[in-house]
Amino acid sequence: MAGIDVAFPEDGPPRVLDLNFRVNGSTAAAWLRGSIERREGVESMRLRSWACERGFRDLLRIARRAMERRTLIPLCLYDPATWSVGGSPDSTGFSPGHREKGSGRRSVSSPTRA
């Protein structure tokens with residue numbers, strides 16, 4: 001995924017200022033918004049990131065449970081064992097709003113923190 005910073009000057013064509021080759025909330029949200037709104041019936045979602053000190057296997061287990069509860073739409077998972085930079089396993093994804101029982105309103109809930 002990539003984000004692109006563009007300037008729109010009044011006296012000329014748009015100009016690309018910066019290419020951001022990383023996961024960022026606005027790019028993924030723009031691409032996935034319509035399908036998430038239709039599938040989940042939500043009008044909002046939050047970008048969430050978290051680390052898991054207990055290891056990558058626990059991160060996967062927690063992410064799968066959150067997906068089953070429909071509180072997480074994962075964008076990426078990081079396993080430090082596969083890269084030389086180290087760190088803790090982490091994940092980034094969307095947390096869509098969910099319907100409050102009997103109200104027709106939606107509330108936003110977060111995936112389980114590791």
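Residues numbered from 1 in each chain as written. Predicted model: local features only at pLDDT ≥ 70, side-chain atom pairs only at ≥ 80, totals over all residues. Heavy atoms only, no water.

Q: Tell me about the overall build of the protein chain, residues and numbers included.
A: Helix and strand counts for the protein chain come out as 2 helices and 6 strands. Taken from the N to the C terminus, the helices and strands of the protein chain come in the order β-β-α-β-α-β-β-β. Counting all 114 residues of the protein chain, 31% fall into the buried class. Long-range contacts, defined as pairs at least 24 residues apart, comprise 49% of the intrachain contacts of the protein chain with a sequence gap of at least 6. Approximately 7800 Å² of the protein chain is accessible, and the part contributed by carbon and sulfur atoms is 51%. (Helix = DSSP H or I, 4+ residues; strand = E, 2+ residues; numbered from the N terminus. Buried < 20%, exposed > 50% of the residue type's maximum accessible area, 1.4 Å probe, protein only. Contact = heavy atoms within 4.5 Å. Areas by Shrake-Rupley, 256 points an atom, 1.4 Å probe, with all protein chains shown as cover.)

Q: For unusual backbone geometry, give the residues involved together with the corresponding values.
A: If you check the backbone angles, Arg70 has positive phi at about 60° while not being a glycine. Among the secondary structure elements, Arg70 is positioned in the loop between α2 (56-68) and β4 (73-78).

Q: Explain α2 residue by residue, including any values.
A: For α2, spanning 13 residues, the distance from its first C-alpha to its last is 18 Å, which sits close to the expected 18 Å at 1.5 Å a residue. Along α2, the residues that are buried comprise Leu59, Ile62, Ala63 and Ala66. An end-on view of α2 places all buried positions within 100° of arc, on one side of the element. For α2, the exposed residues lying more than 90 degrees away from the buried face are Arg57, Arg64 and Glu68. (Expected span 1.5 Å × (residues − 1). Arc of directions from axis to C-beta.)

Q: Can you explain a nonpolar patch on the surface? Please cite residues and give values.
A: On the surface, Ile4, Val6, Phe8, Val16, Leu19 and Phe21 cluster together to form a nonpolar patch covering roughly 660 Å² of accessible area. Breaking the nonpolar patch down by element, the ones donating at least two residues are β1 (3-7) and β2 (15-20). With respect to the secondary-structure elements, Ile4 resides in strand β1. (Patch = residues over 30% accessible without salt bridge, like charges linked within 9 Å, V, L, I, M, F, W, Y side chains within 5 Å. Salt bridge = Lys/Arg side-chain N within 4 Å of Asp/Glu carboxyl O.)

Q: Mind laying out the confidence of the model for the protein chain, listing which residues take part and the relevant values?
A: Put simply, the protein chain has an average pLDDT of 79, and 79% of its residues get 70 or more. The element-level mean pLDDT for the protein chain is lowest in strand β6 (residues 106-108), coming to 38, with α2 highest at 94. Below pLDDT 50 for its whole length, residues 99-114 participates in 45 contacts with residues either more than four positions away or in separate chains. (pLDDT = per-residue confidence, 0-100.)

Q: Residues and numbers for the pattern of salt bridges, please.
A: For the coordinates displayed, the defined rule picks out 5 salt bridges. The partner of Arg39 in a salt bridge is Glu40, and the shortest N-O contact between them spans 2.9 Å. Taking the relative accessible area as the measure of exposure, Arg39 reaches 53% and is therefore exposed. Since its relative accessible area comes to 8%, Glu40 is described here as buried.

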